[in-house]
Amino acid sequence: MGEFSVADFLRAGDVSAAKPFNVVLERCSAGITAAKVTFSGTLNPDDRQLIALTPGSDTARGIGIELLSAAGQRIVPGNQVRHPVGPGSATLSYSLRYRATGTAVGAGSANAVILFDVDYE
């Protein structure tokens, strides 16, 4: 997601620039009308609507990873996001950003594992 300064996160709720990513669905069957995507991972203990960073000796403190829709709306882990799709291929667009959970932000690595499931209608 890039490098950011601790100075970018002075207060709880401060965010980094968003980093876009796509989920590409291919060979969707005839009759498919929607894909429901659910993101999951270890939740941040200070803000359970964020994904926690992977713990380690050099892990940053006081931030989590926020998932966003293409429209910039927060996606809460565990909640389904419905996308109309048809047969063939579809590209689902999202973004991620770091969000401060408090004022005690500390520098370090800021990696996480985020899983996603896709259910088709």
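Throughout, residues of each chain are indexed from 1 in the direction in which the sequence is written. Under the rules for a predicted model, residues below a pLDDT of 70 receive no local features and side-chain atom pairs below 80 are neither given nor counted, while totals for whole chains, interfaces and linings still include all residues. Neither water nor hydrogens contribute to the side-chain values; these are computed over all heavy atoms in the structure.

1. A short note on the packing of aromatic side chains
We apply this condition: Each pair of aromatic rings taken from Phe, Tyr and Trp, with Trp reduced to its six-membered ring, is defined by centres within 6.5 Å and is described as stacked if the planes are under 30 degrees apart, edge-to-face if over 60, and tilted in the remaining cases. Here a helix means four or more residues in a row that DSSP labels H or I, a strand means two or more in a row labelled E, and each is numbered from the N terminus. A 1.4 Å probe rolled over the protein chains alone gives each residue an accessible area, and that area as a share of the maximum for its type sets the label: buried under 20%, exposed over 50%, partly exposed in between.
Tallied over the entire structure, the rule returns five aromatic pairs. Taking 6.2 Å as the distance between ring centres and 85 degrees as the angle between the ring planes, the aromatic pair formed by phenylalanine 21 and phenylalanine 39 counts as edge-to-face. Within this pair, whereas phenylalanine 21 is found in strand 1 (residues 19-28), its partner phenylalanine 39 is found in strand 2 (residues 34-40), the two being separated by 18 residues in sequence. Judged by relative accessible area, phenylalanine 39 falls into the buried class, the value being 2%. Ring centres of phenylalanine 39 and phenylalanine 116 lie 6.3 Å apart, and the angle between their planes is 50 degrees; on these two criteria the pair is classed as tilted. Remark: phenylalanine 116 occurs in strand 9 (residues 115-120) and phenylalanine 39 occurs in strand 2; sequence separation between them is 77 residues. Given the relative accessible area of 41%, phenylalanine 116 is considered partly exposed. Among the aromatic residues, those joined into a ring-pair cluster are Phe21, Phe39, Tyr94 and Phe116.

2. Points about the nonpolar core
What counts, and what does not: Remark: nonpolar core denotes a set of buried residues (Ala, Val, Leu, Ile, Met, Phe, Trp, Tyr, Cys) joined through side-chain atoms within 4.5 Å. Two residues qualify as a contact provided that any one of their heavy atoms is within 4.5 Å of a heavy atom in the partner residue.
Leu25, Leu53, Ile63, Leu92, Tyr94 and Tyr98 are the most contacted members of the largest nonpolar core, which has 25 residues in total. Elements with a contribution of two residues or more to this core: strand 1, strand 2, strand 5 (63-69) and strand 8 (88-100). Element by element, the count of residues in this core is highest for strand 8, at six residues. Sequence-distant contacts of leucine 53, defined by excluding residues within four places in its chain, comprise Thr59, Ala60, Ile63, Ile65, Tyr98, Ser109, Ala110, Asn111 and Ala112.

3. Examining the layout of surface pockets
Condition: A pocket, in this scheme, is an open set of points on a 1 Å grid over the protein atoms alone with protein on both sides within 12 Å along at least 5 of 7 lines, while a cavity is a set where a 1.4 Å probe fits but cannot get out; residues line either one if an atom lies within 4 Å of a point. Grid points are joined across faces, edges and corners, and a volume is the space filled by probe spheres set on the points. Each residue receives one of three labels: charged for Asp, Glu, Lys and Arg, nonpolar for Ala, Val, Leu, Ile, Met, Phe, Trp, Tyr, Cys and Pro, and polar for the others, Gly being one of them.
In this model, the largest pocket occupies a volume close to 190 Å³. Lining the largest pocket are 16 residues, with Phe4, Ala60, Ile63, Gly108 and Ala110 sitting closest to its centre. By residue class, the composition of the lining of the largest pocket is nine nonpolar, six polar and one charged.

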